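Chain and residue survey
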Amino acid sequence: MGDLFLVRHGETEWSRSGRHTGRTDVPLTEHGREQARRLAPLIRSHRIGAAFVSPLQRARETAGLLGLPDALVDADLQEWDYGGYEGVTTAEIQRSRPGWFLFTDGVAPGPPDRPGETPEQVGERADRMLAKADAALEGTDGAVVLVAHGHFLRVLTARRLGLPARHGALFLLGTGALGRLGTEHGRPVVAGWNIRPREG
């Protein structure tokens, strides 16, 4: 079975300023587009059997710039629903909730269209996505690419390794970066992480 490539979308204005960007559909910055373009040769150097992408434009644009315009859109790849913390930075949240940490404390409830998710709920989505990725891997001799969002991909990595969703905290993934999940002796492993082309 091939590897699973995880791509976090390129930079946005909100990611640059540290604002929690869940379901708000912000575009890439020009730097974010360049990050995606620079990743494209890394993706093209592998045989890709299938690709999936979040429906949000920052991920879809990244997929297109990677050379994956036909990636299947899947709502399970959306970023964590931050509820009442959408658009708010960690520093701002910690003014009223000292010591707050997303992966253990979750989020404050939001409006009906953005109620927020617990770490466990994000983990359930990640498990569904992993089942779809595994089905695609079984049907191809290539890798499967998931183009999505930082916090979601961190939770997905934890679940792939058999860890609770909250352990996604251990897998920091920068914008415009690639993670590679593979196997060793039939067990899931991190084969590469925060991979980016060298600058200049």
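Residues numbered from 1 in each chain as written. Predicted model: local features only at pLDDT ≥ 70, side-chain atom pairs only at ≥ 80, totals over all residues. Heavy atoms only, no water.

Before going further, it helps to examine the pairing of strand β6 (residues 187–195). In the case of a regular strand, side chains alternate between the two sheet surfaces. Across six bridges, strand β5 (residues 178–184) lies against β6 in antiparallel orientation. Among the inter-strand pairings, G182 is bridged to a residue of β6, identified as V189. Taking the residues between adjacent antiparallel strands as the criterion, β5 and β6 are bridged by two residues, where H185 takes a positive phi near 50°. (Pairing = 2+ DSSP bridges. Helix = DSSP H or I, 4+ residues; strand = E, 2+ residues; numbered from the N terminus.)

Attention now moves to the packing of aromatic side chains. Evaluated as defined, the whole model comprises four aromatic pairs. Measuring from ring centre to ring centre gives 5.3 Å for Y85 and W100, while their planes differ by 80°; the resulting arrangement is edge-to-face. Remark: W100 occurs in the loop between α4 (90–96) and α5 (102–105) and Y85 occurs in the loop between β3 (72–73) and α4; sequence separation between them is 15 residues. Classification of Y85 as buried rests on a relative accessible area of 11%. Between F101 and F103, the ring centres sit 5.8 Å apart and the planes meet at 50°, which makes this aromatic pair tilted. In this arrangement the basic side chain of R19 is found over the ring face of W14, its NZ or CZ atom lying 3.9 Å from the centre. (Phe/Tyr/Trp six-rings, centres within 6.5 Å; stacked < 30°, edge-to-face > 60°. Buried < 20%, exposed > 50% of the residue type's maximum accessible area, 1.4 Å probe, protein only. Lys NZ or Arg CZ within 6 Å of the ring centre and 35° of its normal.)

Once that is clear, we can look at unusual backbone geometry. A positive phi angle, close to 50°, is found at H185, a residue other than glycine. Locating H185 in the fold gives a position in the loop between β5 and β6.

Turning our eyes to something else, we now look at the side chain of T89. Relative to the helices and strands, T89 is located in the loop between β3 and α4. A relative accessible area of 16% means that T89 is categorised as buried. Setting aside residues no more than four positions away along its own chain, T89 makes contact with S17, G18, R19 and H20. (Contact = heavy atoms within 4.5 Å.)

Once that is clear, we can look at the environment of G64. Along the chain, G64 falls in helix α3 (residues 57–65). Since its relative accessible area comes to 37%, G64 is described here as partly exposed. When the C-alpha atoms of G64 and E117 are compared, they prove to be 28 Å apart, with 53 residues separating the residues in sequence.

Just distances and angles here, no functional claims.
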